[in-house]
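Descriptive analysis of the structure
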Amino acid sequence: MKKIETFENKKVLVLGLAKSGEAAARLLEKLGAIVTVNDGKPFDENPAAQSLLEEGIKVICGSHPLELLDENFELMVKNPGIRYDNQMVARAIEKNIPVITEVELAYMISDAPIIGITGSNGKTTTTTMIAETLNNGGKSGLLSGNIGFPASEVAQTATDKDTLVMELSSFQLMGTDTFHPHMAVITNLMPTHIDYHGGFEEYVAAKWNIQKNMTAEDYLVLNFNQDLAKELAQKTAAQVIPFSTTEKVDGAYLDGDTLYFKDEAIMKASEIGVPGNHNVENALATIAIAKLSGIANEAIKETLSHFGGVKHRLQALGEVNGIKFYNDSKSTNILATQKALSGFDNSKVILIAGGL
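Below, the structure is looked at part by part. The model shown is predicted, which means the values in this text are computed figures rather than measured ones. Residues take numbers from 1 onward in each chain, read along the sequence in its written order. Local features in this predicted model are restricted to residues of pLDDT 70 or higher, and side-chain atom pairs are both shown and tallied only at a pLDDT of 80 or more, whereas totals for entire chains, interfaces and linings draw on every residue. Only heavy atoms go into the side-chain values, all of them from the structure, while hydrogens and water stay out.

Overview of the sheet that holds strand β2 (residues 34-39)
What makes two strands pair is DSSP finding at least two bridges between them. The way it works is that DSSP assigns letters per residue, a run of H or I at least four long becomes a helix, a run of E at least two long becomes a strand, and they are numbered from the N terminus. Strand order in the open sheet made by the 5 strands is β3-β2-β1-β4-β5, with parallel pairing throughout. Among the strands making up the open sheet, the edge pair consists of β3 (58-61) and β5 (99-100). Here strand β1 (residues 11-15) runs beside β2; their pairing, made up of 5 bridges, is parallel. Bridge assignment links K11 to a residue of β2, and that residue is I34.

Okay, here's the thing in structure tokens:
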């Protein structure tokens, strides 16, 4: 990891714990910052806070006292799930205290190049496909970010021989400033998280942050099944590599039952290890990144053919009395559920659904 001096002797407030907040607090302490952690969960029910206190980090739990922000903090690192209209965040912005998320910290210290993956649906599957393809092709892809491995933790041990394959939510991307992946994927853009962002335009703007520091030496992989992606492609400095299941593009595409990259046949769509047209899209995005990374076709085909999905996303659980069971509990919006169901003969599907 890079030994940066940016935070030395600077007062930093980490707002909200969970995995990313805990990782950020430890990293900032290591970088010489004067760290205070503020979390809403009471101290006696908060093992993360207890652990940080034992390590000598100041913790304030059980409430979010506004007067805390009178202590001359120079930076706030907030949990991505905390909205910008939260009174602590709003007050920090009012006081001109920069507010970032821990993926920005990860970028600042990382010796490893970053492949960033975002989008409304398919992020986790595509992130996992890319990491597995890199690893199978002789490179080291490290899962990080919104996929359950805090980026600021993974980045500490990554070297320039590794690549951080980072799943990024719109919430995380809003809190970036210098963040600069060498390659990035936007799987698709649908109206989700509008309660957080206020509108679809604001949501798209948050996702589009992924490319704001990219240059002509970087690659941005976009889903040309969407007219919106074609419009956005005109507004980036990065080299755009499109993918599509509906037309031949100068990138990765489906023609008949074959997946191609720039006129080179890679594999059959029917050979992908997980069902559904949305997984063909995820595979095409993966192929684009893999080819740009110099991975051999055989390694790409082998990885995608054996790909069994990720937990809770069309995860094959087995068969009982001739009935196959799939766990898709991470379909947390209607669009994701529709995409999951599109991979099956719906006359034979029984959907067990819950939620709101």
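Structure shown, so let's carry the discussion forward.
Focus: the pattern of salt bridges
Pairing between side chains of opposite charge can happen when the charged atoms of each approach one another. We count a salt bridge whenever a side-chain nitrogen from Lys or Arg sits within 4 Å of a carboxyl oxygen from Asp or Glu. Summed over the entire model, instances satisfying the criterion amount to 13 salt bridges. The salt bridge involving D70 is made with K95; its shortest N-O contact spans 3.4 Å. One end of the pair, D70, is in the loop between β3 and β4 (75-78); the other, K95, is in the loop between α3 (87-94) and β5, and 25 residues separate them in sequence. Each residue is placed in one exposure class: buried if its accessible area under a 1.4 Å probe, protein chains only, is under 20% of its type's maximum, exposed if it is over 50%, and partly exposed if it falls in between. Overall, D70 belongs to the partly exposed group, its relative accessible area being 47%. With a closest N to O distance of 3.0 Å, K248 and D263 form a salt bridge. On the criterion of sequence distance, the pair formed by K248 in the loop between β11 (239-244) and β12 (252-255) and D263 in the loop between β13 (258-261) and β14 (264-268) is long-range, its members being 15 residues apart. Accessibility assignment for this pair places K248 and D263 in one class, exposed. Here the residues in one salt-bridge network are K11, K58 and E71, joined through shared partners.

As for the environment of F200
Of note, F200 is situated in helix α9 (residues 200-208). Put simply, F200 and T332 are 132 residues apart on the chain and 18 Å apart in space, counted from C-alpha to C-alpha. Any pair of residues with heavy atoms lying within 4.5 Å of one another is described as a contacting pair. Not counting residues within four places of it along the chain, the set of residues in contact with F200 comprises L189, M190, P191, I194 and L228.

Fair warning: the whole summary comes from geometry, so function is off the table for now.
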